[in-house]
Amino acid sequence: MNLSKILKNGFLILVASLVLTACATQKKTTGQTQGDVYTGTDSVEYLASGVKDRVFFATNETVLTTASRETLRKQAAWLRKNSKINVVLEGHADERGTREYNLALGERRANSAKDYLMTYGISSDRISVLSYGKERPVDSGSTPLSWSKNRRSVTVKAN
Amino acid sequence: MLFRYLFILLVIFPIKAFALIEVDITRGNLNPLPLAISPLSIDEKSKSSFKKILKKENIGIEISAVVENNLKQTGLFNPLNKDAFLQKPDIANLKPRFEDWNLIKAQALVTGKVTFVDEKLRVEFRLWDVLAGKEMMALAFTTVPSNWRRVGHIITDKVYERLTGEKGYFDTRIIYVSEEGPKTNRIKKLAIMDQDGFNNKFLTLGNELVLTPRFSPTNQMVTYLSYFRNLPRVYLLDIETGMQEVVGDFPGMTFAPRFSPDGKKIIMSFAKDGNSDIYTMDLENRIIERITNHPSIDTSPSFSPDGKFITFNSDRSKYQQIYVMDSNGKNVKRISFGNGLYGTPVWSPRGDLIAFTKLHKGKFYIGVMRADGSGERLLTENFYQEAPSWSPNGRVLIFYRETKTNSKGEGFSAKLWSIDLTGYNEKMVETETDASDPSWSSLLGN
């Protein structure tokens, strides 16, 4: 009991210090990004009420954040209710990478979202993946905030 | 028939001249060689014949202008102003008065003559060493009149080769992606032009997104990525016939294609389930071979000119770095160890160097390193630039550069640029539209 409590506290302290380090290394807090993952709602559309259509990624990363996983769980719930709807996951990268690598990165991001939807019971037959690399930014700016909006996987109805 | 033109090339006089003039192209040339390009002389009858066919007042002057512009663009030569020339073109071609050319400080002189013979264009030209008072070279060509710009390029190749000791790169073409429209929804088309920007043609209509065209070694075919029917796949395009076909039957995205040096295979990446690996497809028997098998992103493959090795970039060490392996995928070695990320490695046609894109501290660089990773040299730094492609003689790199947009997200443009291996002579390559993903052809076969 005690030991696990200590461990738990220790873990919390560790987490707190990690968050602090992350904050310290973060260059600018815009209120719209965390780390450099976009957390705002610009450009976000909805598949249904409360079901966001996209998730965002950190630079060069394909890992889903807590917020992204929540969005995808809602998408999965919506897809389970609408079993006739198929989707395309469109993976994108920002403009700060080479074109060919970004195509692969976009594909990997979309698959990272696909895998998560599958773990929530959506059949892979209903999901296709399409990478656009850096070819279709939503924000044409050349700022870290614009780039964060462009690093995304968007779930689009296929039918 | 884009490429197969008839060229009859003959040496007028077999001359063994001593190379008295030498242009050193291995260093940045701050003192370009002053040379005079006397306009090709032309008789009145030929002049009016060509005027009728080509709608050019004086084709002799036009061809010389092609040569002059080519040589000027190298940064190695300083073509002198024609107003200062004392000797008339026809007389200069017979026997230059070297004192006159010496007076205006020309070290080399190009003279020549163009005539209309049997519906064809015949050009002879001579290269003279002014200081030594000697003829260095004399050549003649016959071709169809519509080929007149290529005649200018071939003359430039010969002059360049004679004066630098290196093969030229002027009778070549660039294939690239033409871009139009807003940054968020660019319309992209394949386009091809002469290396000096003339004779631009669009090869696709812009109905689907196209990327990364690359020439086959014989310049007849192009391999590229097309989003036809929203399925990103590697395609082959025959430039002469316009025939297109998808390369291989892959259940997912194929991208980053290039030809093998013998033109028999396409090497490319295939992405599936979040993993990109490198494959080859034999164009004759359609056999597909998997070259890498690693959970990381492996892409941008490029063969060494002897076909024995492949360079590519991979993020198997967490971030994008450059690797070299045997052509069968064995003996993978990382070669980039500097600070930052490295991508788009492309082997020099000479085999000694690999050009690359580097991203470090928010800046993009085009650089070169030896095939073992040593001797890294960065040639140019910018907000965004990538995808170098070598001139066929391995002396010049062409790449594309994108601009930063303003606070409203406006002002985006993409342009082609070139730079010498020395890091000198950086300049924009003019294109009709915005442009990216350039690929340089080999010499067209003069």
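Computed from a predicted model, the values in this text were never measured in an experiment.

Draft legend 1. Broad picture of the overall build of chain A. Helix and strand content of chain A: four helices and eight strands. The helix and strand sequence of chain A, counted from the amino end, reads α-β-β-β-β-β-α-β-α-β-α-β. Here the analysis covers contacts within chain A between residues at least 6 apart in sequence; of these, 68% occur between residues at least 24 apart.

Draft legend 2. Spatial organisation of the confidence of the model for chain B. Residues and elements named next belong to chain B. Taken as a whole, chain B shows an average pLDDT of 93; of its residues, 93% reach a score of 70 or greater. Confidence over residues 13-19 falls short of pLDDT 50; this stretch has seven contacts with residues more than four positions distant or in other chains. Scoring of the predicted complex yields 0.91 for pTM and 0.93 for ipTM.

Draft legend 3. Fine view of the interface of chain A and chain B. Between chain A and chain B, the contact holds 24 residues from the first and 32 residues from the second. For the side of chain A that touches chain B, the secondary structure elements donating two or more residues are α3 (99-119) and β7 (127-133) of chain A. It is α3 of chain A that provides the largest number of residues to the side of chain A that touches chain B, a total of ten residues. In terms of residue class, the side of chain A that touches chain B is made up of seven nonpolar, nine polar and eight charged.

Draft legend 4. Broad picture of unusual backbone geometry. All names here are of chain B. Phi at R229 is positive, roughly 55°, even though this residue is not glycine. Tracing the sequence through the fold places R229 in the loop between β12 (221-226) and β13 (233-238). For R229, a count of 8 C-beta atoms within 10 Å corresponds to the exposed category. Located in the positive-phi region is D273, a residue other than glycine, with phi close to 50°. Following the sequence through the fold, D273 ends up in the loop between β16 (265-272) and β17 (275-282). Note on D273: 13 C-beta atoms within 10 Å, which makes it partly exposed.

Draft legend 5. Here's a closer look at the domain arrangement of chain B. In terms of domains, chain B is made up of domain 1 (8-164) and domain 2 (173-440). For domain 1 of chain B and domain 2 of chain B, the distance between their C-alpha centroids amounts to 35 Å.

Draft legend 6. The arrangement of the nonpolar core in detail. In this structure, I63, A108, L109, I354 and A355 of chain B are the most contacted members of the largest nonpolar core, which totals 116 residues. Ranked by residue count, the leading element in this core is helix α5 (residues 148-164) of chain B, at seven residues. L64, A113, Y116 and V129 of chain A belong to the second-largest nonpolar core, a separate cluster that totals 19 residues.

Draft legend 7. Just the sheet that holds β16 of chain B, in detail. Residues and elements named next belong to chain B. Taken in spatial order, the four strands line up as β15-β16-β17-β18 in an open sheet, and their pairing is antiparallel. Edge positions in the sheet fall to β15 (253-259) and β18 (288-290), since each has one partner strand and no second. Each adjacent strand pair in this sheet contributes to an overall mean axis angle of 30°, direction not counted. Bridge count between β17 and β18: three bridges; the pairing is antiparallel. Opposite T280, over in β18, you have E289 as the bridge partner.

Draft legend 8. How the structure looks around the confidence of the model for chain A. Overall, the predicted model of chain A reaches an average pLDDT of 87, with 81% of residues at or above 70. Taken as a whole, residues 5-28 of chain A scores under 50 in pLDDT and shows two contacts with residues more than four places along the chain or in a different chain.

Draft legend 9. Here's a closer look at the sheet that holds strand β8 (residues 152-157) of chain A. All names here are of chain A. A sheet is described by the order of its strands in space; here four strands give the open sequence β5-β8-β6-β7, paired in mixed fashion. In this open sheet, the two strands that pair with only one neighbour each are β5 (54-56) and β7. Neighbour-to-neighbour, the strand axes of the sheet open up by a mean angle of 20°, direction not taken into account. The pairing of strand β6 (residues 87-92) with β7 spans six bridges and is parallel. Note that in β7 the partner of V88 across the bridge is S128. In this fold α3 packs onto β5, β6, β7 and β8, with an angle of close to 155° to the strand it touches most, β7.

Draft legend 10. Here's a closer look at the environment of D53 of chain A. All names here are of chain A. Within the secondary structure layout, D53 lies in the loop between β4 (51-52) and β5. Looking at D53, the number of C-beta atoms within 10 Å reads 20, which means it is buried. The spatial distance from the C-alpha of D53 to the C-alpha of S153 is 8.5 Å, given a sequence separation of 100 residues. Apart from the residues lying within four places of it in its own chain, the contact partners of D53 are V44, E45, Y46, L47, V154 and T155.

Draft legend 11. How the structure looks around the pairing of strand β25 (residues 363-370) of chain B. All names here are of chain B. For β25, the tally of buried residues reaches six of eight residues, placing the bulk of the element in the interior. In the sheet, strand β24 (residues 353-360) pairs with β25 via eight bridges, with the strands oriented antiparallel. Each residue of the ladder has a partner; that of L353, found in β25, is R370. Once β24 ends, the chain turns through two residues before running back antiparallel as β25, passing K361 with a positive phi of about 50°. Taken together, the five bridges between β25 and strand β26 (residues 377-382) define a ladder with antiparallel strand orientation. Across the sheet, residue Y365 finds its bridge partner in β26, namely E381. The hairpin formed by β25 and β26 contains six residues between the paired strands, and G373 there has a positive phi angle of roughly 90°.

Draft legend 12. Up close: the packing of helix α2 (residues 66-81) of chain A against α3 of chain A. Residues and elements named next belong to chain A. Interhelical geometry of α2 versus α3 gives an angle of 55° and a closest axis separation of 9 Å. Comparing their axes, α3 and α2 come out oblique. Judged by the sense of rotation from one axis to the other, the crossing of α2 with α3 is right-handed. Where α2 approaches α3, its residues R69, L72, Q75, A76 and L79 are matched on the opposing element by A113, Y116 and L117. Looking at the contact of α2 with α3 residue by residue, the class counts come to six nonpolar, one polar and one charged.

About the cut-offs
Residues numbered from 1 in each chain as written. Chains lettered and ligands numbered in written order. Predicted model: local features only at pLDDT ≥ 70, side-chain atom pairs only at ≥ 80, totals over all residues. Helix = DSSP H or I, 4+ residues; strand = E, 2+ residues; numbered from the N terminus. Contact = placed C-beta atoms within 7 Å. pLDDT = per-residue confidence, 0-100. Nonpolar A, V, L, I, M, F, W, Y, C, P; charged D, E, K, R; others polar. Buried ≥ 20, exposed ≤ 12 C-beta atoms within 10 Å, placed from the backbone. Domains from an automatic or database assignment. Core = buried A, V, L, I, M, F, W, Y, C linked by C-beta atoms within 7 Å. Pairing = 2+ DSSP bridges. Axes fitted to C-alpha atoms, helices over the stretch in contact; angles between N-to-C directions. Parallel < 35°, antiparallel > 145°, perpendicular 65-115°, else oblique. Left-handed = near helix turned anticlockwise from the far one by under 90°.

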